[in-house]
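Coordinate inspection notes
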Amino acid sequence: MTRLKGSRWSLAWYIPRWSALDTSLPTWRARAVRYVLIYLALVTALVSVRALTRDVRPALKAAQAREAALTTQSADLSVQLQTLESRRRLLDWAAQNGMRRLTDVPRETATFQPVPAAPVAAPPARTVEVKTLWK
């Protein structure tokens, strides 16, 4: 295959001459058969991928529906939990179980006897001896 004259950066360097191309019938027939086989291989691949993934979309729709149901259930349970933990409900439960609020308990006073004083122990006797030496 010969190239046109010119620098390597020109378009003519990359385009072959028309006279250098093989335009015989067997060459075109071989190319046509190759292209048809390539297209058949692509069609076969695409159809097989489509057949293998046909249940993905329904499964995805079902998963989205389950997610929506679980989100709704989570919101309902959150509201129920907030209702169960409310201050009024806790106070009612405490009253039903015999508990009283600290502010409602009557005040009672009592007097305590003083603690008897501890006996005073006598300090131990100490003697000090001093020796003086003169040189």
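Since this is a predicted model, take the numbers as computed values, not measurements. (Residues numbered from 1 in each chain as written. Predicted model: local features only at pLDDT ≥ 70, side-chain atom pairs only at ≥ 80, totals over all residues. Heavy atoms only, no water.)

**A closer look at the overall build of the protein chain**
A count of helical and extended segments in the protein chain gives 3 helices and 0 strands. Sequence-ordered secondary structure for the protein chain, helices as α and strands as β, is α-α-α. A globule of 135 residues ought to have a C-alpha radius of gyration of about 14 Å, yet the protein chain, at 52 Å, is considerably larger. When the backbone C-alpha atoms are referred to their principal axes, the protein chain occupies close to 135 × 90 × 30 Å. Evaluated residue by residue, the protein chain yields a buried proportion of 1% over its 135 residues. Of the accessible surface of the protein chain, which amounts to about 14000 Å², a share of 63% is contributed by carbon and sulfur atoms. Between the mean site of the 21 positive side-chain charges and the mean site of the 9 negative ones, the protein chain shows a separation of 22 Å. (Helix = DSSP H or I, 4+ residues; strand = E, 2+ residues; numbered from the N terminus. Rg over C-alpha atoms; globule rule 2.2 N^0.38 Å. Buried < 20%, exposed > 50% of the residue type's maximum accessible area, 1.4 Å probe, protein only. Areas by Shrake-Rupley, 256 points an atom, 1.4 Å probe, with all protein chains shown as cover. Lys, Arg positive; Asp, Glu negative; His and termini not counted. Charge placed at Lys NZ, Arg CZ, Asp CG, Glu CD.)

**A word on the packing of aromatic side chains**
This model, assessed by the stated rule, comprises 0 aromatic pairs. We note R31 situated over the ring of W28; from NZ or CZ to the ring centre the distance is 5.0 Å. (Phe/Tyr/Trp six-rings, centres within 6.5 Å; stacked < 30°, edge-to-face > 60°. Lys NZ or Arg CZ within 6 Å of the ring centre and 35° of its normal.)

**Things to note about a nonpolar patch on the surface**
A cluster of nonpolar side chains, namely L11, W13, Y14 and I15, defines an oily patch on the protein surface of about 430 Å² accessible area. Position of I15 among the secondary structure elements: in the segment before helix 1 (25-52). Residue I15 is classed as partly exposed on the basis of its relative accessible area of 43%. (Patch = residues over 30% accessible without salt bridge, like charges linked within 9 Å, V, L, I, M, F, W, Y side chains within 5 Å. Salt bridge = Lys/Arg side-chain N within 4 Å of Asp/Glu carboxyl O.)

**Focus: the confidence of the model for the protein chain**
In the predicted model, the protein chain carries a mean pLDDT of 86, and the fraction of residues at 70 or more is 93%. When the elements of the protein chain are averaged for pLDDT, helix 3 (residues 87-96) gives the smallest value, 86, and helix 1 the largest, 95. (pLDDT = per-residue confidence, 0-100.)

**Notes on the environment of K61**
The topology assignment puts K61 in helix 2 (residues 56-84). For K61 and T127, which are 66 residues apart along the polypeptide, the C-alpha to C-alpha distance reads 102 Å.

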